[in-house]
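Observations on chain architecture
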Amino acid sequence: MHDTPAKAGRLVQAEFKGAGTKKVLLIAHMDTVYLKRMLAKQPFRLYGDRAYGLSISDDNQGIALILHTIDSLNKLKFNEYGKITGLMNGDEEISPPAARAYLSKLGAEHDVTFSCEASQVKSDRIALTTAGVGAVNLNIIGKASHAGSAPELGRNALDDLSFQIQQMRDLSDPKVGIKMNWTFATAGTNRNVIPSVAFATADVRVMKKEDFDVVESKVRERPQSQQIPDAKVDIVFERRRPPLVTSPQALQMSEYAKKIYAELGRDLVLGTIAAGGGTDAAFAALNTQNPVIESMGVQGFGAHSNDDEYILVSSITPRMYLLSRLIMNISQGKVQSKQ
């Protein structure tokens, strides 16, 4: 993909072997979108029920939840599971180029996968469905020339970029959940030079993986018409994440989780409609029908925002209880992890 770094992030994996047969996969991620040295200006702080900090919601809380859940099981001397695997991804924010195949492999090898991304502050929910994420990268190569004395000798890449974007601005289809929005563009080098290069990228969201084919087909068809006939138009379509689709097994597991949460007097909302972002859990679900559930983490707000990111301290114990009880009950056969 166009933003894949030369060196991908590391993965950290730990396995805990028990005396049983059930295998549970717990996933979170270590990378964040913030720049180096920002933490010094915005340190961790508590304000009432809110714990603020860069990446505290996305996804440091997920890592902490996994570590403390495993620690609590050890303190309870509970080992009736077959294996618990904890996987911390190092490049989730860039649609994990290094981890996607491995996540799919692990997901198929385990009876259930819990992804510990944060839940929402406004809705104490777990997610059973998330959008698939794609991208359109549009590169235009024209020819530079003096913008004042000889513009006619150039081939304005920016003109054709604008034309192509207008041609492809109607590819969203809300009825089926297809969204395509141009989000970034750049062109040229100097004010007085006809731009020889131009680039734009669009964000794509789909509810079914087959809809990637629909969008890509239209995206490749439109540039056959050009504003600048001899400019070169290059389209790259990226399938960055598959959608996570609610399976009967995941729904059955989540309904059981709702009963456990009710023991604490809390209502667990089952998110069967996608709320926005993509997830590593979709890779874990790619080659299995076993339950895969997202947003098992604590309630959080403000991911990717410099000043607003926080978690609700009051949600830590309930979410840790929910994850621990699910692991224990799955291990003891009290809830089925397979259809």
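Everything that follows concerns the structure shown earlier in this document.
In this report, we go over the structure that sits alongside the text. From a predicted model like this one, the values you see are computed outputs, not experimental measurements.

Topic: the nonpolar core
One broad rule of soluble globular proteins: the nonpolar side chains tend to lie buried together. Within the largest apolar cluster, 33 residues are counted, with the highest numbers of intra-cluster contacts made by Leu-26, Phe-114, Met-253, Met-296, Leu-322, Leu-323 and Leu-326. For this core, the elements supplying multiple residues, two or more each, are strand E2 (23-29), helix H1 (56-75), strand E5 (83-89), strand E6 (112-115), helix H5 (248-262) and helix H7 (316-331). Residues contacting Met-296, with those up to four places away along its chain left out, are Leu-65, Phe-114, Ser-115, Cys-116, Glu-117, Ile-126, Arg-319, Leu-322, Leu-323 and Leu-326. Within the second largest apolar cluster, 22 residues are counted, among which are Ala-157, Ile-165, Ala-200 and Ala-231.

Section: the packing of H5 against H7
The interhelical angle for the contact between H5 and H7, taken along N-to-C directions, is 125°, at an axis separation of 10 Å. When the interaxial angle is binned, H5 and H7 end up oblique. As H5 packs across H7, the resulting crossing turns out to be right-handed. For the pair formed by H5 and H7, the contact residues are Met-253, Tyr-256, Ala-257, Ile-260 and Tyr-261 on the first element and Pro-318, Arg-319, Tyr-321, Leu-322, Arg-325, Leu-326, Asn-329 and Ile-330 on the second. Looking at the contact of H5 with H7, its residues break down into 10 nonpolar, 1 polar and 2 charged.

A few points about the pattern of salt bridges
Summed over all chains, the structure comprises 19 salt bridges. In this structure, the salt-bridge partner of Arg-240 is Asp-3, at a minimum N-O distance of 2.9 Å. Taken as a pair, Arg-240 in strand E12 (residues 232-241) and Asp-3 in the segment before strand E1 (12-17) lie far apart in primary sequence, 237 residues in all. Judged by its relative accessible area of 8%, Arg-240 falls in the buried class. Given the relative accessible area of 29%, Asp-3 is considered partly exposed. Close ionic contact of Asp-203 with Arg-205 constitutes a salt bridge, the shortest N to O distance being 2.8 Å.

Concerning the layout of surface pockets
One number sums up the size of the second largest pocket: a volume of about 290 Å³. Here the residues of the lining of the second largest pocket are counted per class, giving 8 nonpolar, 5 polar and 3 charged.

Considering the side chain of Asp-91
Structurally, the position occupied by Asp-91 is in the loop between E5 and helix H2 (100-109). One polar contact links the side chain of Asp-91 to the main-chain amide nitrogen of Ala-98, over a distance of 3.2 Å. If we ignore the near neighbours within four places in the chain, the residues touching Asp-91 are Ala-8, Gly-9, Asp-31, Pro-96, Pro-97, Ala-98 and Ala-99.

Focus on the sheet that holds strand E16 (residues 310-312)
With mixed pairing, the 5 strands of this open sheet are ordered in space as E3-E4-E16-E15-E7. Both edges of this open sheet fall to strand E3 (45-47) and strand E7 (119-120), since each of them pairs with a single strand only. Note that strand E4 (residues 50-52) and E16 share 3 bridges and pair antiparallel. The residue of E16 that forms the bridge with Arg-50 is Leu-312.

What counts as what
Along each chain, residues carry numbers from 1 onward, in the same order as the chain's sequence is written. At least 70 in pLDDT is required for a residue's local features to be given in this predicted model, at least 80 for side-chain atom pairs to be given and counted, and no such filter applies to totals for whole chains, interfaces and linings, which use all residues. Just so you know, side-chain values use all the structure's heavy atoms and leave hydrogens and water out. To form a nonpolar core, buried Ala, Val, Leu, Ile, Met, Phe, Trp, Tyr and Cys residues must be joined to one another through side-chain atoms within 4.5 Å. Relative accessibility under 20% of the residue-type maximum defines a buried residue, over 50% an exposed one, and the middle range a partly exposed one, all with a 1.4 Å probe and only protein chains included. Starting at the N terminus, helices and strands are each numbered in turn, a helix being any DSSP run of H or I of at least four residues and a strand any DSSP run of E of at least two. Note on contacts: a residue pair is in contact if any heavy atoms of the two residues lie within 4.5 Å. For helices, the axis comes from a line fit to the C-alpha atoms of the stretch in contact; other axes are also lines fit to C-alpha atoms, and the angle between any two N-to-C directions lies between 0 and 180 degrees. Angle categories are assigned with fixed cut-offs, so that under 35 degrees is roughly parallel, over 145 is roughly antiparallel, 65 to 115 is roughly perpendicular, and the rest are oblique. What makes a crossing left-handed is the near helix being turned counterclockwise from the far one by less than a right angle; a clockwise turn instead makes it right-handed. Under the scheme applied here, ten amino acids are nonpolar (Ala, Val, Leu, Ile, Met, Phe, Trp, Tyr, Cys and Pro), four are charged (Asp, Glu, Lys and Arg), and all others, including Gly, are polar. Here, a salt bridge means any side-chain nitrogen of Lys or Arg that lies within 4 Å of a carboxyl oxygen of Asp or Glu. A pocket here means an open set of points on a 1 Å grid, computed over the protein atoms alone, that has protein on both sides within 12 Å along at least five of seven lines. A cavity is instead a set of points where a 1.4 Å probe fits but cannot get out; residues with an atom within 4 Å of a point line either one. Grid points are joined across faces, edges and corners, and a volume is the space filled by probe spheres set on the points. Here a polar contact is taken to be a pair of N or O atoms separated by no more than 3.5 Å, where protein atoms must pair a possible hydrogen donor with a possible acceptor and residues adjacent in sequence count only if both atoms sit in side chains. Strands are treated as partners if at least two bridges between them are detected by DSSP.

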